[in-house]
Amino acid sequence: MSTTALPTQSSDFPAWYGEVVRRAGLAENSAVRGAMVIKPYGYAIWEAIQRELDDRIKATGHENFYFPLFVPGSVLAREGELVEGFAPEVAVVTQAGGKKLEEPLAVRPTSEALIWSTYARWVESYRDLPLLYNQWANVVRWELRPRLFLRTSEFLWQEGHTAHETEAEAVAETLTILHDVYADTIENVLAIPVLRGRKSESERFPGAVDTYTLEALMRDGKALQAATSHYLGQGFARTFDVRYTGRDGSERYPYATSWGASTRLVGGVVMAHGDDRGLRLPPRVAPQQVVIVPIFRDDDRADVLQTAAGVAAELRAARVRVRVDDRGDYRPGFKFNEWELKGAPVRIEIGSRDLAAGAVTVARRDSGEKRQIALPRVSAAVEELLDDIQRSLYREALHEQKRRTLHAPRGYEEMVEYLRDAAGFVEAPWCGRRECEIRVKEDSSGTIRCLPLDEEPTRRGTCVCCGRAAVAFPVWAQAY
RNA sequence: CGGGACGUAGCUCAGCCUGGUAGAGCGCUGCCUUUGGGAGGCAGAAGCCGUCGGUUCGAAUCCGACCGUCCCGACCA
């Protein structure tokens, strides 16, 4: 644990991010370039995210299964767009068991190929549909410019793979996942507001008909793709020869979806809520929601510790995740700083002054506000406080997102400048042509993050880039 | 893969120019003292100076090759 101050977000955001991740004990680089070690505190946050996602995945009717890490090269190669899209990032095992393999094995960058080659045997009749499955897995996409949690060569995620009788049903599935699983978790648990939208063709998942995305704004003005849900049409079914007999007796191809959310979300929590003192964790994902720091001298030690234990027990009974930091070797000031760095939402200080008042001192991490609360009221007050912090973090992030969204830039120059400075989101009309997308990217490093789903279909305008009639009003930003 | 920088203690780095006993801060261990916003004292452990080769009586230091890492560009959940 370092004792010096963090770099500030405004002076050097990437340095701030790296230091927070390291010092808070979330993760560190490993012996393998680009692959990280997720440390217990970081993994606990991931476990909370996992639990919330998994509950919602199951609540929407899905079951978990598990497919192997290795994909025969020939299977991966069958889906042309998929191979093409992932080719540079795929790691391949060519040797095992002490000799060269007859057929190289790809380490999965995603599992559509292996799963759909298997679905070919699982789907014979319309009675076998839909298949509503998900897996929790690690995947490997070799990264040239890795960053902890945001871009690592190996990461953890869940990938859902479903098969449906009709297009309408598959599209509905894609949107259910986007809204009821991903947006619900990210907004209500991670307290990060998201834009819900569709990807432009250039940003679409290889092999997808449509990619839906959730885009979140980080505190440095860049966008983070927080989760994606793909409508895959019948392409994978045709490629892997998945056919079934329909209700009318004719042979049909099912419609596919796939969807994923990864450990990148941990980085999103850091970058969406963190401040110059460190992490600010939403209570619903905080490994420790309340940390009690006892402050004592030799003569009142027993009293203070006993009161701390009593408060902790009461909070635990109310299902609050609480820890008494009774480490004797560190002074209170050190612990305050450390738990602020680690983002614990609530800190309770108990010392002689509090004992005399029959109270404890409660500090909230999000605002820094500190006040005394009488002992009998502690449990109720803390529960209320945790709810309030959860809501406040979301409100603050939403306010920030709105404040940093530029609607209808006056012209191309204003848009490009805004994007180049990574000032936030820009909503601007677009003609739908790839070349305008490319030009904006070359001029500003900004890209189309999504075409928002709630866009009014009747809106008119002219492309911010070329002046042709606009077909959409995408949101643009620099992206992670 | 192009351009740039750097490899010395767990971490951050000094020493190299001008060759001659391996250094600092933080961290770590022990003891003492402290505890309401990052305490202090004393003692201690810790190094293949990235690797290989060359020059030299002698190389962390000079030369060469290799390996690795980081930063900037093209790709990306």
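Source: prediction; values computed, not measured.

> Before we go on, may I ask you to explain the sheet that holds strand 4 (residues 70-72) in this structure?
Strands in a sheet are paired, the pairing made by backbone hydrogen bonds, and the direction either parallel or antiparallel. Strand order in this open sheet of 3 strands is 4-6-5, and the pairing throughout is antiparallel. Two strands bound the open sheet, and with one partner strand each, they are strand 4 and strand 5 (91-96). For this sheet the average axis-to-axis angle between neighbouring strands, irrespective of direction, equals 45 degrees. The pairing of strand 4 with strand 6 (residues 99-107) spans 3 bridges and is antiparallel. Note on strand 6: the bridge partner recorded for Val71 is Ala106.

> What is the right way to read the domain arrangement of chain A from this model?
Where interface size is given, it is often the accessible area lost as the parts come together that is meant. Looking at the assigned domains, one finds that chain A contains domain 1 (13-273), domain 2 (290-385) and domain 3 (405-477). Centre-to-centre separation of domain 1 and domain 2, based on C-alpha positions: 41 Å. Of the residues lining the interface, 4 residues belong to domain 1; the matching set on domain 2 comes to 4 residues. Taken together, the connections running from domain 1 to domain 2 amount to 0 salt bridges. Considering only residue class, the side of domain 1 that touches domain 2 consists of 2 nonpolar, no polar and 2 charged.

> How do you make sense of the sheet that holds strand 19 (residues 370-374) when you look at a structure like this?
A sheet is described by the order of its strands in space; here 5 strands give the open sequence 16-15-17-18-19, paired in mixed fashion. With one partner strand each, in any of the chains shown, strand 16 (322-324) and strand 19 form the two edges of the open sheet. The average undirected angle you get between the axes of adjacent strands in this sheet is 25 degrees. As paired elements, strand 15 (residues 290-294) and strand 16 share 3 bridges and run parallel to each other. Pairing of Ile292 across the sheet is with Val324, part of strand 16. Against the sheet, helix 12 (residues 378-403) makes contact with strand 15, strand 17 (346-350), strand 18 (359-364) and strand 19, and its axis sits at roughly 5 degrees relative to strand 18, the strand it touches most.

> In this structure, what is going on with the pattern of salt bridges? I would like to understand it.
Two side chains bearing opposite charge may form a pair once their charged atoms approach each other closely. What the rule picks out here adds up to 39 salt bridges. When the shortest N-O distance is used, the salt bridge between Arg252 and Asp248 registers 3.0 Å. By relative accessible area, Asp248 is classed as exposed at 52%. Across the salt bridge formed by Arg327 and Asp325, the nearest N and O atoms sit 2.8 Å from each other. For Asp325, a relative accessible area of 0% puts it in the buried group.

> Got a minute to help me understand the protein's contact with RNA strand B in this structure?
Residues in close proximity to RNA strand B total 37 residues, the closest being Arg33, Arg145, Arg151, Glu340 and Asp354. Counting only the atoms of RNA strand B within 4 Å of the protein, the fraction contributed by sugar and phosphate is 39%. If you list the elements that add at least two residues to the surface near RNA strand B, you get helix 10 (332-341), strand 17 and helix 11 (352-357). A class-by-class count of the residues in the surface near RNA strand B yields 10 nonpolar, 10 polar and 17 charged.

> Just to check I follow, could you spell out the side chain of Arg280 for this structure?
When you line up the elements, Arg280 lands in the loop between helix 8 (264-273) and strand 15. Polar side-chain contacts of Arg280 include one of 2.7 Å to the backbone oxygen of His273. One polar contact links Arg280 to Glu396, side chain to side chain, over a distance of 2.9 Å. Ignoring anything within four residues of it in the chain, the contact list for Arg280 reads Arg219, His273, Gly274, Asp275, Gly343, Arg365, Asp366, Leu393 and Glu396.

> I keep staring at helix 5 (residues 112-122) and nothing clicks. Help me out?
In an α-helix there are 3.6 residues to a turn, and that puts residues three or four apart on one side. Burial within helix 5 is extensive, with 8 of its 11 residues counted as buried. Those residues of helix 5 not exposed but buried are Glu112, Ala113, Leu114, Ile115, Trp116, Ser117, Thr118 and Tyr119.

> Looking at this structure, how should I read the pairing of strand 9 (residues 195-198)?
Both faces of the sheet carry side chains from a regular strand, because those side chains alternate between them. Burial along strand 9 is one-sided: the face carrying Leu195 and Gly197 is buried and the face carrying Arg196 and Arg198 is not. Sheet analysis places strand 9 next to strand 22 (residues 447-452), joined by 2 bridges and oriented antiparallel. Across the sheet, Gly197 pairs through a bridge with Pro452, a residue of strand 22.

Reading the values: rules and limits
Residues numbered from 1 in each chain as written. Chains lettered and ligands numbered in written order. Predicted model: local features only at pLDDT ≥ 70, side-chain atom pairs only at ≥ 80, totals over all residues. Heavy atoms only, no water. Pairing = 2+ DSSP bridges. Helix = DSSP H or I, 4+ residues; strand = E, 2+ residues; numbered from the N terminus. Axes fitted to C-alpha atoms, helices over the stretch in contact; angles between N-to-C directions. Domains from an automatic or database assignment. Contact = heavy atoms within 4.5 Å. Salt bridge = Lys/Arg side-chain N within 4 Å of Asp/Glu carboxyl O. Nonpolar A, V, L, I, M, F, W, Y, C, P; charged D, E, K, R; others polar. Buried < 20%, exposed > 50% of the residue type's maximum accessible area, 1.4 Å probe, protein only. Near = heavy atom within 4 Å. Polar contact = N/O pair within 3.5 Å; in protein donor to acceptor, adjacent residues only side chain to side chain.

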